Structures are given as structure tokens and as C-alpha cells.
Amino acid sequence: MASTASQPATTSGGDGVSLAQRIIKLLRNPLQVAGLVIVIFLVWTIIQNLTGLAAAGRPLSVERIIRVIIFGLAQGSIYALIALGYTLVYGILSMINFAHSEVFMSGAYIGFFAIHWAEQSGLLYSNTALALLITVTVGMAAAVTIAVLLERIAYRPLRGAPRLVPLITAIGASIALQQIFLRLFGSATRVYPEVNFYVLPQLFRLECETIDGAEICKGMDLINGRYDVQLLGMELQLRPIFFVVFFLAVLMMAILWYIVRRTKIGKAMRAVAEDRKTASLMGINVDRVIVSTFILGAALAGAAGVLFALYNTQVSPFMGFTPGIKAFTAAVIGGIGNIPGAMFGGLFLGVTESLAPTLLGMSSQLEDVIVFGLLILVLIFRPTGIFGEVLSEKKA
Amino acid sequence: MSDPILSAQRVIKRFGGLTAVRSVDLSIPRGSIASLIGPNGAGKTTFFNCVTGFYVATEGSIKFGNRELVGLRPDQITNAGIARTYQNIRLFQGMTALENILVGMHPRLKSGPLGSILGLPGQRSEERAALRKAMDLLEYVGLAGNGDWLAENLSYGLQRRLEIARALASEPQLLLLDEPTAGMNPNETDDMMHFIRRLRDERNLTIFLIEHDMKLVMTVSDQVSVMDYGEKIAEGTPSEVQRNPRVIEAYLGAQNVDKTRGKRKEQVAS
Amino acid sequence: MIASSTFRQGSYAAAVAILLALTGVFGKLDERQVVTGAITLSMVLLAIMLCGAGLMTASRVKERGIVAMLFNGILGSLIVGAGLALVMLVENAIDLTFVFAELKTDPITPVLTFGQTLSSGIILLLVLSALAGAISGALLSIPSEARQIILLSLALTASVGLLEAQIKSINTLPDALAVVGVLGTGYLVAINQMQRSSLVRLGLGLGIGAIVGIVLGLIANGGGFGTGSRLLSAPGILSQVIVFALIGGMGSAVAATQRNIHNGTLFVVGFLLSIGVLNWQNSMNWIATLLILIVFATLFWLMPRLTAEASSRFETQPRPERQVNQRFSLLIVLLVMLVAPLFLGQYITSIFDLVGLYIIMGIGLNIAVGYTGLLVLGFVAFFALGAYTVGTLTTPSLLTCGGILPADIARADIPTICTGVMTFWQAWPIAVIVSMLAGVVLGIPVLRLRGDYLAIVTLGFGEIIRLITLSGDFKPIFGGAQGIGNIPVPVVDLTFLNPAWRFELGSAFNIYYLILFGIVITAFVAYRLGSTRLGRAWRAIRADEDVARAMGINLTRAKLLSFAVGAGFAGLGGAIFGSWLQGIFPNSFTVLVSINVLALIIIGGLGSIPGVMLGAVILVGLPEILRELQDYRLLAFGVLLVVVMLARPEGLIPPPVRRLSEQVDSATPQQGKA
């Protein structure tokens, strides 16, 4: 009670404190000093590495960095979409829904069967937009189904149990879901079909053929296209899918934000997060609110799964693990329980992990090491995340 | 009264925009029974929490003898000689009554991990002595024979007593009791009253308690302090305080409100 | 008559059955025979599904009488049977193999139609379902004790049948009878002499055991009963006498002992007899099946009665007497463990090794999770650190060759340059210390945070360690994906006593003793720490962190210690693991290891050392033996974790309530002595 309740007070109560005092306070904590040393070391490594590369005549091109950042933003949007699910559930139940990564996976995996069916029936080629819409819908529906079952079977009976209990159940559910998918659908990796989704032929005069003298353009391929673009004198190779993922993710987050802030169910959610017992006394159906939270989070994760699979093409029962724990890391970095924090955390993590190997001169095998290192660093300096944790519960 | 065991000066505790304790000065004479009273939400438990290190006072100083407590961790404060009980009983679930008391003795025991593993003679005799002392404490608070009961299986009244025994186990000089009679019937309250006196007389303790039961407060206390809206509004002997018009106005008027609110938990932070 | 719950429950069961069927489980289990030539594992699974549904639905209408139970039981099983029939129809109508890939190799229809045509197979399946339902209904109407006896003995008989090949040659029937006879004699003598002290009873047990041993040995060797037997045709009469004396002593000790030990002994007796029967019949035929069923049924009938008496006898003894009893039982268990590999054979011993390794890790993790309540999800990291430390220190490496890459050194020069190469005995303490230090370094920033963060950070840490060992960047030290090879096995060199006594702990047999030693040490340390001042502080932290701190406990210190001790045990496990396999690969250290360990301590019972052991046997040992089920091991883990948390959050063997007040009473008279 004491420690957690006083933390927001001390962190937010520092408005009147001068910068110098803050630094002194920072230096008094040996842990933060150690963290600072690590940060300085990292910065130094980056500078060394960059000057080293420049000296060797292979300076990092701005083009490359921009490309990496764009990829990182797309990847980060996926993390953000998943992270929202963790954050929503955590905000309401103060519990890590460990199986959320499998909700993401199920969206991508069941989505595969939808898109495979569309490919077989030809719909994917005759009406690509509809086929993609169906795929995303199926993915979201699968994810929502799994999440609702999960809540009903594994989590609801344990509300009010000691913290460790639901967390262990969630781990168990996560393994069980992975294994059910593995055993049902086999261990072979499934591959999303190649989709060419051409849009706006009027605007983008790309992939053109000259038939009978008239130039007919298919337009921009949103999914599979790679285009060289001249921008501000830079030669950039861009994939539209990354922009699509980013913008769709932002759109979905905006919708979520609207739901939580402006609708009746959103208000009920915030009330339940604040105080479950009082909320139920006010006539709020707590069970329904919690299920809706799971549904919202799962829908986002399902959509993220399909988007992720569209550009990574491979799906397997284990595909959820890494994005899952990265998304959780993102949620913690942003401040768990905090919706804008989760969005920011996801994007930040995505960009950092794609930039860091280049900047630090490591192999990209160590990308994940950087992610967890970042988590530990953030926790050293801001235990409640960058945006601050939203503490809903009173642990007195 | 020249030698206060605890003296607080201008203690302020803020939570964000809310000030729960506003510049409280308070001193407790050694060997006395002092009470802190006031309506719910007056900041009494918050003040307790500042003394025991659960909260860090935003401003001001709290001295235990000559030692400054503000900034110390709760475990350091306990080691210094202050023990407490809780408004809503907080025993260690899943541990027996004896084990609860043995945990309370933690700061007075010395044996480290190596001694425990090897079962060195020093560690063994210390454990035996601790166990013996724990049994005595159990008997002292009237729990003889309940030593091997899981704490959660004891009756409410016994749990309160066990909590006091656990606090005594750390051999404190100052014992803070947060509403020791909450939820008790008049008979049990009477027993508790005598017990608190006995504690002070036989164990050479100073007792500082938060209490709502006026009969108990007025009977046992040497000194009564009254808090309202985070401020100390009066202090003195029970009879002085009872005559104080501010207290009558602010506190006794508010007590009726208390009754309608029932025994809701004090939520200072909210 | 028909309850609405029947349809609901029946369809849940049918959904689970269909889901499992679609994984191709029936085809996969059809190879394994439970009763030779008659019953396969897939049939057992089908029976479990059908009867499970029947029991579930029938139990809902228990108060309405036997007819209702029969009806609802039949209906419940029929729903499951119909569901499975439906799946077969669909399987034959459309091609499911694209979606449900396992059906390609393991289709459902051939198994569930029992070799008939589809239509007659389905009719047969439905008839069987109805039968199963009726049996379930009938089972529910008999007293619950009888039902439990039937179900448990069926289950154990089936497991004996499953393990036929592995356990058949463990002991012979005369062996089993001799052991049971001596054990029983000691037991009966002790019961009749309860008024005497436990030491006297022990002596009587030992003496009678020895006498019976001599007699049996003479009879067996004279009459030729002992052929193939390990005990009766033992090389010398002296060893026979010692063994039987100990068994007799065990019998007298068990006559008044705690529930766990008593039940455990009875289980061992049951298995000895069944294996004896199996050995005698030489296959799991109908005679053997029937006899083994009778053995187990008798056992389960006797168990509650005998155990209740034995434990009440145990309770009524004064404490010092009980201690004598307990210590003797513990000694016997240890002795049995010491000689066990000689009987169990290489295969089962190697499984024991693996189980033992997990027990060491489980005891370590139990300190962090079970005692202190710190949820650690990346325990494998410390295991890996232990293994890699031993790996790099006992082979020519960057560290042991004075900073020169071994690849750059000529083979002949390696002994002269790589002078830092250590033996296992020098390296393992370092491995433990490295793991502990890693625990401290990771713990300092993280342990002050809330538990959820600890879980996720440690999970991340586990992955970091694996990725670092796997990555090319650290290849010179950790060997990258190829790992570290040619790690020397630990050598116990006692040649100064006897020139022949040089033991290389490389085989499953020899490493067994090292692992057993490790278990004894870790269990002892964990027990001592858990039952003294520090252990109480840990449990107080688990119960209520804030109050624990207010009791004067330094949270950071106590948590760090707990974390570090746990990590150290994992490091020890890793050290043994590395030198046992003589090679280390990053892929041995996946997150699954962490989850295995966590699952076994939770299912066994958090905070309980016997729980860890039982958990390891169930979760590590059983899947190793049931190779066919290995594919389903993780699925079972996941489901088990959920089910245990829902139904029995304290685990199978929760830690006992510590009755400290008795120690005070007995401490008083002993004070003079001590």
C-alpha cells in the first residue's frame, strides 16, 4: 500500500523541484547511478560505432536509417496493438493476461484458413478488398472467441484469488493454447498466399502495361509492393504495407480511445478499474464489463495478428511468444494500465529494436537482448513506466 | 513529561493535491498511554504510517528519543524499537500463531543463513530460546494452547491479541495500536482496556493508540490528542479534552456522522 | 427424468473429445498395447472419454436415484460417442487433412470403427458408448469408496500394462513375495509390541527380518525358487541377511508413521507384487491383468484403514520416539534409492537422472516461488549459467587458455597453454557462485518492483541468456549454436584406497549417484533454511510484504538471498547437466525448461519439498516413459496448470503445518543433554 501509493505522489510532486535537485536525488540512488553508467556506455558505443563506420568509409546512410525507422514503426504498431490488450486487462483486473500472445497468434492462424479459402475460391483475385476484409474479420472473430473462452474458463473462477494464482493459470492457458493449435493444425509452418492488392491506379501510375497503345496501370500494390521513391533527394525503397499497418493501427487505437473515453461501456470500464465492488453496487454488470474488455483487447490483437502475417507471411503456433512478451514490455515501458502509454511504448520499442543493432554494431540476433535490456533500464529510472502507471486498485 | 519518547514537529503529508496531515506537532511522554482520536478521515492512520515509515512525511521531523525517523525504512524503524498493529488485522496467513510471533522476533534474532544450514549450536540454542519466549508471549496474551493454529483460523478477538503478541515480540519501547477494539463487543472492549493497562505496567512500554471507543480512551489515557481534517486541534488530559469546546464541536458532532457511516475503512488517500 | 445439465455437460465433453480426436490422438496411441493383443492405449482413452462424460452427467442427478443416474449417464456418454461418430462421418465425406494436418498420418476412422466398416463401426461405437454410460451410472450408485478402489486400481493396472516392457524385469514374483512377507512380518510384530519403545520395535523388526532372510535364502537356494531372482539368489547369505533385516526394520517402522510414508510404502508393495506377476506371466496377458487388478484393489481397500491406524499410532507417540521412526524411514528410503539403479536397469535409471536434475532445480525455484512468493519465469537462465560455467572452465576455452582462442592453438600445445582447465569438482562451486551472483545482479533492480514485473523481467532474462549463448557475437566464449563439446565427465578417483576405484561418472548409473547426492544436499539446505529464521521471514514476505517489512525484515536482503539461493541450486543442476551430457547446446535452455520447473513445483505443492519430488516424477518421469504421449506432454502441462489452480491451488502435497509448540515441550527435558 505504502510504496505503490506514494510513488505517483513523489514522481508527480516534483514540479517545484529544480533540475539540479533532481539530478542530486538521482545520483543518491546507487542503482540509478549504475543505470546512468550503462546509458553513457551505450551512447559512447553508438558514437564509437558511427565514427568507426564513417572512418571505414561506410557511414550509415540516412536512407537506411529512414527505412529501418519505417519498418520499426510498422513492427511497433503491431506491438502497440497487442500491448493495448495487456494494458486494458491489467487496468481492470490487475493481472497479466499471459495468454494474450496466443490470442494474437490465433487471429493470425485462423486468418490463414480464411485467406487460404479466399485464394482457393478465387475471391482473393476477383475481389481482393473483400477477401482481405473477410480475413481480418475471421482473425478478429477467432481471437475474440479464444479470449472469451479464456476469461470464462480460466480467469473468472479465480477473481479475488492471490495474485500468483491467476498468473500461473494464464501461463498454463498460454501453453495449452499453443499446444492445441500445434496438435490440431500440425507443426508445419503455414504460409499466407502472396497477395497483390492494387489501389488507386489513377494516382499511382505503377505497374503499367501498354495494351493497344493505351497505358493501363494497376496502381499501387499495398501488400506486396516495393517501390523506389525519390524523396528530398533521397533514394528510398519503401513498402506500402508498413504504412498501411501503421495507419490502420493508429485508426484502431483511436477507435479504442473513443470507446474507452466517450461511450457508456467505456465509462463502465473505467469505473470497474477504479473500484470493482463499488461499481457493482452502482448497478454495473462487472462480468459484462470484464468480458467486453477482453473482447476489445482480443479484437485488436486478432487484427494485429492478420496484419503481422500479411507481411511476415509465416504463421505457426509459436509465433505469438516473442511479439507477446515484447508487447508486454511495451506496455510496461509506457506504464501499464495506461492506454496512450501502451501505444507509445509499442512504437518506441519497435523503432528502438530495429535501430539498435545497427547503431550499436551488434548482430540482429541480439535484438531481443536489447529489448529486455531496455525494459530493465526503464524500470530502474521510472518503475512506473514512462507515462506513469495507472493505479486503479487500492491495495490497503 | 520532560523526556518524550516520540516527538513530531510540523509533520505534513501530502498525496498529490490532498494534504492528509497538516503540520502536526505531537509528543508522547515515556511510559504513558497516549491516545489519538478524531473523526474518520482525520488523518490519524496516515500519521501512524508516517511514524512507522510506511509513508515518508512530506515535511517535518519525527524523533524517536534522539533518532530522526523520517527517511528510515519501516524495518529500520522497527529495529529502533517501535512496533504496531493494524486497523484491519494483518496477520501472516498460512502461518501458525507461533510462527507469526517468531517473525515478530526477527530483528532480535541473529542467526544467518549459514548458521541455519549447518545447525550451529548458537543458532540452535537461539531458536530454542526464541520458541520458549514465543510460547510465553502466547500465554501472556491469553493464547496458550493455540500456538499451532493457523492464524486465519483463530477467532477475531484472538487474532487481535495475536497481532499484539507479534508486535511485542520485537521488544519495542513504543507500541502503536491502531483501533485495537474495532469490531469488539463491550465485554471484549473492557478486557482490552485492562490488557492495555497491564501491557504498560508490566512490560515497561509506552503505548500510543488510535481509538474510537470514548470510554476506553477516557479511562486509560494519560494524554489525548485530537485530530480533525489533518490538524491537531486539541491535546491534554482526558478531562481537559472533554471540556475543550473545539473538540466538542468538531469531534463529538462528527461522531454522529461516524455512526451512520458505520465502520467503513479509513481511506485517507482517496 | 433427463436433466438439462446432461445435454450441456455432454456437449462440453463431446467438444473436448472431438478436439482431441482431431489432433489424431487415437491413431497415435493405437500402437501402444495395454493388455497384450487385446486393449490398446487408444481404447483406454476412448473409455476414459466416454465414462468421464457418463460420470459427469450422472453425478448431476445423483439425488434422483439410480434409474435417473443410469439414464443420464447413458445419454451423456452417447452424446460423446455421437460426436465422435459425427467426426468420422465428416472425415469420410470431406478432406479434413489440410486444416487438421495430423489426420493425414493418423486418421480417426480406422481406429474408432475397430476394423469394421464405417456404418457398423459407428453402430458399435454407439453401443459401446451406451454401455460405458450405463457402467458410469452404475459406478456412481455404489459407495464412493468402492468406486474409488475400482477406478484407481484400473488406472494403476493400465499403467503397469503400459510400462510392461520397461518394468518387466525389475523383480520376480518370489522376490516380491519375500519382500512383502518380511515387511509384513515386521509390521505385524511392531503392531503387537506397540507398548514398547520404537527402538525396541525397530530391533525386533531387524532381527525377525534377518531370520526370515536366512530361512528364505536357504529354501530358495535349496528348492530352486530363486532362479532369475535378484534378492533370493543373491551372491552371499550375509548380504541377504542385511537386506532382509532392513526390510523387516522398515516394516516395523512403517507400522507407526506419517501418512505419506505409509501410503508410499504400500504403493511400492503394490508395484513390487504386480511386477512380480508380470515377470511370472512374462507378458501382460489376461491372467496377469486380472491378478494385478486384484493386487491393486486389495491395496486400495487396505490403504485408508491401515494408514489411518498407522498415523494415529504415530501421533500418540512422544516426539523423540517419532523422530527415531522418521529417521529410520528416511534412512531406508535413502538406501532403497542407493540400490535402485541395480534393479531398474539403464533406461529407467536415465529417466531417474533427468527427474533428479529437475528435482534439484525444483527445490531451488521452490525457494524463490514457494517460500518467498517471487514468481521467476526465467529460471533456465541460472541453469544455463551453471552449465556454461562448467563447460568453459573444464574444456580448453578462451578463459582457460589465457585468452587465446583454442582454435588457434595447435592440438599438441593445448595441454601446455590451456593450464586453466579445471576438473568438474573445481568448477562446480564456481558455477554455483556465478549463478548466485547473476541472481543478485538481476535481483537488485527488479526485486524492489512488484511481482508481476519480476515475472516478465526474469522471463526476458532467460531469453537474453539463451540468445547471447546462441549469438555469433559471443561465439568465441560460448560456442554459438554448436555449443561446447567434449566436456569431461566428473571422475571420482579413489585409487589411493584401491587401484580399481576410479569411477568416471559418465554413465546413467554413475551420474545417478552424483544427482542423488545433489538432491540430498539441496533438499537439506532448503529444509534447514525454510524452517529457521530466514525461512520464516521468506514466508512472511510471501504472505504480506508490507507487514513483513514492518516486522523489521529487510525486504531487499531477504528477497535477494532467496533469489540467489534458488539461482545457486539451478546453477548446480546446470553444472551436473553439462558434464553429464558432455556437451552443452543453447537449445537445451529454452523457456520450456523454466515452465517445466515451475509447473512441477506448483502441481507438487508450492513450498513443499516432497511436493517437488512428486511433481518431478509426474511431470518429467511419466512423459519420458510414455513416449507416445510426449507430443501431448506440454498440452497436458498447460491444462494441468489451469486445472490445479482452479481445483487445488495448494498442489498435490501442500507443505505441512509446522507444529512448533511440541518442540518446546520436548526441548525442556533435552536441554540438559544438549
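All residue numbers here refer to positions counted from 1 along the written sequence of the relevant chain. In the order they appear in the text, chains get letters beginning with A and ligands get numbers beginning with 1. pLDDT decides what is reported in this predicted model: residues at 70 or higher carry local features, side-chain atom pairs at 80 or more are listed and counted, and totals for whole chains, interfaces and linings draw on all residues regardless. Hydrogens and waters are ignored; side-chain quantities use all the structure's heavy atoms.

Visitor: Explain the packing of helix α13 (residues 321-334) of chain A against helix α15 (residues 367-381) of chain A to me, and be specific about the residues and the numbers.
Guide: All names here are of chain A. Fitted lines through C-alpha atoms serve as axes, helices being fitted only where they are in contact, and the angles separating the N-to-C directions of these axes extend from 0 to 180 degrees. Numbering of helices and strands runs from the N terminus, with a helix taken as a DSSP run of H or I at least four residues long and a strand as a DSSP run of E at least two residues long. One way to put it is that α13 packs onto α15 with a least axis distance of 10 Å and a crossing angle of 25°. With respect to α15, the element α13 is oriented roughly parallel. For α13 against α15, the interelement crossing comes out left-handed. Two secondary-structure elements touch here, α13 through Thr322, Ile325, Lys326, Thr329, Val332 and Ile333 and α15 through Glu367, Asp368, Val371, Phe372, Leu374, Leu375, Val378 and Leu379. For classification purposes, an angle smaller than 35 degrees is called roughly parallel, one larger than 145 roughly antiparallel, one from 65 to 115 roughly perpendicular, and anything else oblique. By definition, turning the near helix anticlockwise from the far helix through less than a right angle yields a left-handed crossing, and turning it clockwise yields a right-handed one. Any pair of residues with heavy atoms lying within 4.5 Å of one another is described as a contacting pair.

Visitor: Describe the sheet that holds strand β4 (residues 59-64) of chain B, listing the residues and the values that go with them.
Guide: All names here are of chain B. The rule for pairing is simple: two strands pair if DSSP sees at least two bridges between them. Pairing is antiparallel across the open sheet formed by four strands, whose spatial order is β2-β1-β4-β5. The open sheet is flanked by β2 (18-29) and β5 (67-68), the only strands paired with a single partner. The pairing of strand β1 (residues 4-15) with β2 spans eight bridges and is classified as antiparallel. Counterpart to Leu6 in the pairing with β2 is Ile28.

Visitor: Requested: an account of a positive patch on the surface, with residues and values cited.
Guide: Here, patches come from residues exposed beyond 30% relative accessible area and free of salt bridges, joined within 9 Å for like charges and within 5 Å for nonpolar side chains (Val, Leu, Ile, Met, Phe, Trp, Tyr). Computed with the Shrake-Rupley method and a 1.4 Å probe, the accessible areas treat only the protein chains shown as cover for residues. In the sections that follow, a salt bridge refers to a side-chain nitrogen of Lys or Arg positioned within 4 Å of a carboxyl oxygen of Asp or Glu. We count Lys and Arg on the positive side and Asp and Glu on the negative side, and we leave His and both chain ends out. Think of each charge as sitting on NZ of Lys, CZ of Arg, CG of Asp or CD of Glu. On the surface, a cluster of positive charge is contributed by Arg22, Lys25, Arg28 and Arg382 of chain A. When you line up the elements, Arg28 of chain A lands in helix α2 (residues 19-28).

Visitor: Got a sec to walk through the state of the cysteines? Specific residues and values, please.
Guide: Residues and elements named next belong to chain C. Cysteine sulfur pairs qualify as disulfides if the two atoms are within 2.5 Å. Overall, the coordinates contain one disulfide over all chains when judged by the stated rule. Shown here is the disulfide that connects Cys401 with Cys418, its sulfur atoms set 1.9 Å apart. Here the S-S torsion is close to 95°, and the disulfide linking Cys401 with Cys418 is therefore right-handed. Placement of the pair is Cys401 in the loop between α15 (380-394) and α16 (414-417) and Cys418 in the loop between α16 and α17 (424-446), with a sequence separation of 17 residues.

Visitor: Hey, could you go over helix α11 (residues 237-254) of chain C for me, with residue numbers and the actual values?
Guide: The span expected for a helix works out to 1.5 Å for each residue beyond the first. Here α11 of chain C is 18 residues long and its end C-alpha atoms lie 25 Å apart, about the 26 Å a rise of 1.5 Å per residue gives. For each residue, the accessible area found with a 1.4 Å probe, counting protein chains only, is set against the maximum for its type, and the residue is called buried under 20%, exposed over 50%, and partly exposed in between. The set of residues buried in α11 of chain C consists of Gln240, Val241, Phe244, Ala245, Ile247, Gly248, Gly249, Met250, Gly251, Ser252, Ala253 and Val254 of chain C.

Visitor: Describe the environment of Gly31 of chain B, naming the residues involved and giving the relevant values.
Guide: Residues and elements named next belong to chain B. Here Gly31 shows up in the loop between β2 and β3 (33-37). Sequence separation between Gly31 and Leu205 is 174 residues, and the spatial gap between their C-alpha atoms is 5.7 Å. Among residues more than four places away in sequence, those in contact with Gly31 are Arg200, Leu205 and Thr206.

Visitor: Lay out the interface of chain C and chain B in plain terms, naming residues and giving numbers.
Guide: Contacts between the two partners involve 36 residues from chain C and, on the opposite side, 36 residues from chain B. For the pair chain C and chain B, the summed buried area comes to about 3,400 Å², and 62% of that belongs to carbon and sulfur atoms. The quantity reported as buried area is the accessible area (1.4 Å probe) lost by two parts once they are put together, taken as the sum for both. The largest share of the area that chain C buries against chain B comes from Arg533, Arg536 and Met551 of chain C, three residues that together contribute 23% of it. Counting across the interface, chain C meets chain B through five salt bridges. A salt bridge links Arg658 of chain C to Glu99 of chain B, with the shortest nitrogen-to-oxygen separation between them at 3.7 Å. N or O atoms closer than or at 3.5 Å make up a polar contact, with two conditions inside protein: a donor-capable atom paired with an acceptor-capable one, and, for residues adjacent in sequence, both atoms drawn from side chains. Where chain C packs against chain B, one counts 12 residue pairs in polar contact (both at pLDDT 80 or more). Top contributing element to the side of chain C that touches chain B by residue count: helix α21 (residues 533-543) of chain C, with seven residues.

Visitor: Can you lay out the pairing of strand β7 (residues 174-178) of chain B for me, pointing to particular residues and giving the numbers?
Guide: All names here are of chain B. Along β7, five of the five residues are buried, which leaves the element largely enclosed by surrounding structure. Where strand β6 (residues 82-84) lies against β7, three bridges are found, and the strand directions are parallel. Paired with Arg84 across the two strands is Leu176, which belongs to β7. Alignment of β7 against strand β8 (residues 206-210), held across five bridges, turns out to be parallel. Counted as the bridge partner of Leu177 is Leu209 from β8.

Visitor: For the sheet that holds strand β9 (residues 223-228) of chain B, give the residues involved together with the corresponding values.
Guide: Residue and element names in this part refer to chain B. An order of β6-β7-β8-β3-β9-β10 is seen for the six strands of this open sheet, with the pairing classed as mixed. At either end of the open sheet lies a strand with only one pairing partner, and these are β6 and β10 (231-236). When strand polarity is set aside, the average angle formed by the axes of neighbouring strands in this sheet is 20°. For β3 and β8, the ladder comprises four bridges, and the chain directions are parallel. Pairing of Ile33 across the sheet is with Ile207, part of β8. Its contacts with the sheet place helix α7 (residues 186-203) against β3, β7 and β8, and it is angled at close to 155° to β8.

Visitor: Tell me what's going on with a nonpolar patch on the surface, and back it up with residues and numbers.
Guide: Residue and element names in this part refer to chain C. A contiguous nonpolar surface patch, about 740 Å² in accessible area, is contributed by Ile211, Ile214, Val215, Leu218, Ile219, Ile237, Leu238 and Ile242. Counting only elements with at least two residues in the nonpolar patch, the list comes to α10 (198-223) and α11. The greatest single-element share of the nonpolar patch, amounting to five residues, is contributed by α10. In this fold, Ile211 is placed in helix α10.

Visitor: Describe the confidence of the model for chain C, listing the residues and the values that go with them.
Guide: Per-residue confidence for chain C gives a mean pLDDT of 86, with 96% of residues at or over 70. By definition, pLDDT measures how confident the predictor is in each residue, and it falls between 0 and 100. Here residues 666-674 of chain C is a poorly scored stretch, pLDDT under 50, and it has five contacts once near neighbours within four places are set aside; other chains count.

Visitor: Describe the pattern of salt bridges, with residues and values.
Guide: Summed over the entire model, instances satisfying the criterion amount to 31 salt bridges over all chains. In this structure, Asp75 of chain B engages Arg73 of chain B in a salt bridge whose closest nitrogen and oxygen atoms are separated by 3.1 Å. On the basis of relative accessible area, Asp75 of chain B is assigned to the buried category, the value being 2%. Judged by its relative accessible area of 35%, Arg73 of chain B is partly exposed. Linked by salt bridges that have partners in common, Glu151, Arg156, Arg159 and Asp287 of chain A make up one network.

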